[in-house]
Amino acid sequence: MINVALPKGRLGEKVYAMFEKAGYECPSIKEVNRKLVFENEEKRIRYFWVKPSDVSIYVERGAADIGVAGKDILLEYRPDVYELLDLNIGKCCMAVAAPKDFYDNGVRTLKVATKFSNIARTYYNGLGREIDIIHLNGSIELAPILGLSDVIVDIVETGATLRENNLEVFETIVPISARLIANKTGFQFKTKEIEAVARKLGEMIQP
Ligand code: PRP
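Residues numbered from 1 in each chain as written. Predicted model: local features only at pLDDT ≥ 70, side-chain atom pairs only at ≥ 80, totals over all residues. Heavy atoms only, no water.

1. Considering the pairing of strand β9 (residues 151-156)
β9 sits mainly inside the fold: 5 of its 6 residues count as buried. As paired elements, strand β6 (residues 92-99) and β9 share 5 bridges and run antiparallel to each other. In the sheet register, Ala 97 faces β9, and the bridge partner there is Ile 152. (Buried < 20%, exposed > 50% of the residue type's maximum accessible area, 1.4 Å probe, protein only. Helix = DSSP H or I, 4+ residues; strand = E, 2+ residues; numbered from the N terminus. Pairing = 2+ DSSP bridges.)

2. Side note on the nonpolar core
Within the largest apolar cluster, 29 residues are counted, with the highest numbers of intra-cluster contacts made by Leu 6, Phe 19, Tyr 47, Ile 66 and Leu 201. Secondary structure elements with two or more residues in this core: β1 (2-7), α1 (10-21), β3 (45-50), β4 (66-70), β11 (178-182) and α8 (191-204). For this core, the leading source of residues is α8, giving 5 residues. In this structure Leu 6 touches Val 15, Tyr 16, Phe 19, Ile 29, Tyr 47, Phe 48, Trp 49, Val 50 and Val 55, once residues within four positions along its chain are discounted. With 15 residues, the next largest nonpolar core counts Phe 116, Tyr 123, Val 153 and Ile 176 among its residues. (Core = buried A, V, L, I, M, F, W, Y, C linked by side-chain atoms within 4.5 Å. Contact = heavy atoms within 4.5 Å.)

3. Remarks on the site of the ligand
Every residue lining the ligand is accounted for by Lys 115, Gly 138, Ser 139, Glu 141, Asp 154, Ile 155, Val 156, Glu 157, Thr 158, Gly 159, Ala 160 and Thr 161. A distance of 2.5 Å is found between an oxygen atom of the ligand and a side-chain nitrogen or oxygen belonging to Lys 115. Thr 161 places a polar side-chain atom, nitrogen or oxygen, 2.4 Å from an oxygen atom of the ligand. Protein contacts shield 64% of the accessible area of the ligand, which totals 500 Å² for the unbound molecule. Among the elements that line the shell around the ligand, the one with the most residues is β9, at 3 residues. Per-class residue counts for the shell around the ligand are 3 nonpolar, 5 polar and 4 charged. (Near = heavy atom within 4 Å. Polar contact = N/O pair within 3.5 Å; in protein donor to acceptor, adjacent residues only side chain to side chain. Areas by Shrake-Rupley, 256 points an atom, 1.4 Å probe, with all protein chains shown as cover. Nonpolar A, V, L, I, M, F, W, Y, C, P; charged D, E, K, R; others polar.)

4. Remarks on the packing of aromatic side chains
Counted according to the given criterion, the structure contains 5 aromatic pairs. When the ring of Tyr 123 is compared with that of Tyr 124, the centres are 5.0 Å apart and the planes differ by 75 degrees; the resulting orientation is edge-to-face. (Phe/Tyr/Trp six-rings, centres within 6.5 Å; stacked < 30°, edge-to-face > 60°.)

5. A word on unusual backbone geometry
Positive phi values are uncommon outside glycine, yet Arg 78 reaches one of about 45 degrees. Position of Arg 78 relative to the elements: it lies in the loop between α3 (71-77) and β5 (82-86). Here Arg 78 falls in the exposed class, since its relative accessible area comes to 60%. A positive phi angle is found at Asn 88, which is not glycine, with a value near 60 degrees. Considering the arrangement of structural elements, one finds Asn 88 in the loop between β5 and β6. Take Asn 88: its relative accessible area is 22%, and that puts it in the partly exposed class.

Spelled out as structure tokens, the structure:
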């Protein structure tokens, strides 16, 4: 059996659709219920729905052989896994955003609100800029509106959340997309099977 951690939610639906098209269907996954584990014995595949930010934990620790995680999560948590494939879905970017009238004099310590503290720290270290990180767990856009921070470092997909809150992108840090990842030990034992999944998924990637 190959154990696959899928990110629960909209991205997960797209990811499963790719596995299905690639020949790894599991019809029971479409039943409307609260189950989290689905398997197709004939195809030797078992899927788990996990919180998107937890996929890399399941894979790193070997509870799943493979999984699909956003590059944002991989950059933030640096799990010790193989990154096999860029699936070219879940595309967005990591950016610095601020209120439209924000002016940065480049000198004083910048207050940065973010869910991605490591990405923000690495980015500003690279610029030699001193920052004060305010780690939040969601609704990051609120921080500069309420004066909690000067800027935010967050995911921008359509840009709608920024626009509707009078914020705009100041700098783009890195493009993000969903990646197929594999447990390092699992990959040694199931190399052929995992490579076959990666190859067939690769054929499903839309440009
Ligand atoms: C993410 C991200 C932004 C938003 C960007 O939030 O943190 O808030 O999506 O998408 P957009 O550019 O298409 O508007 P998410 O929905 O994951 O919720 P969160 O507030 O819990 O981070």
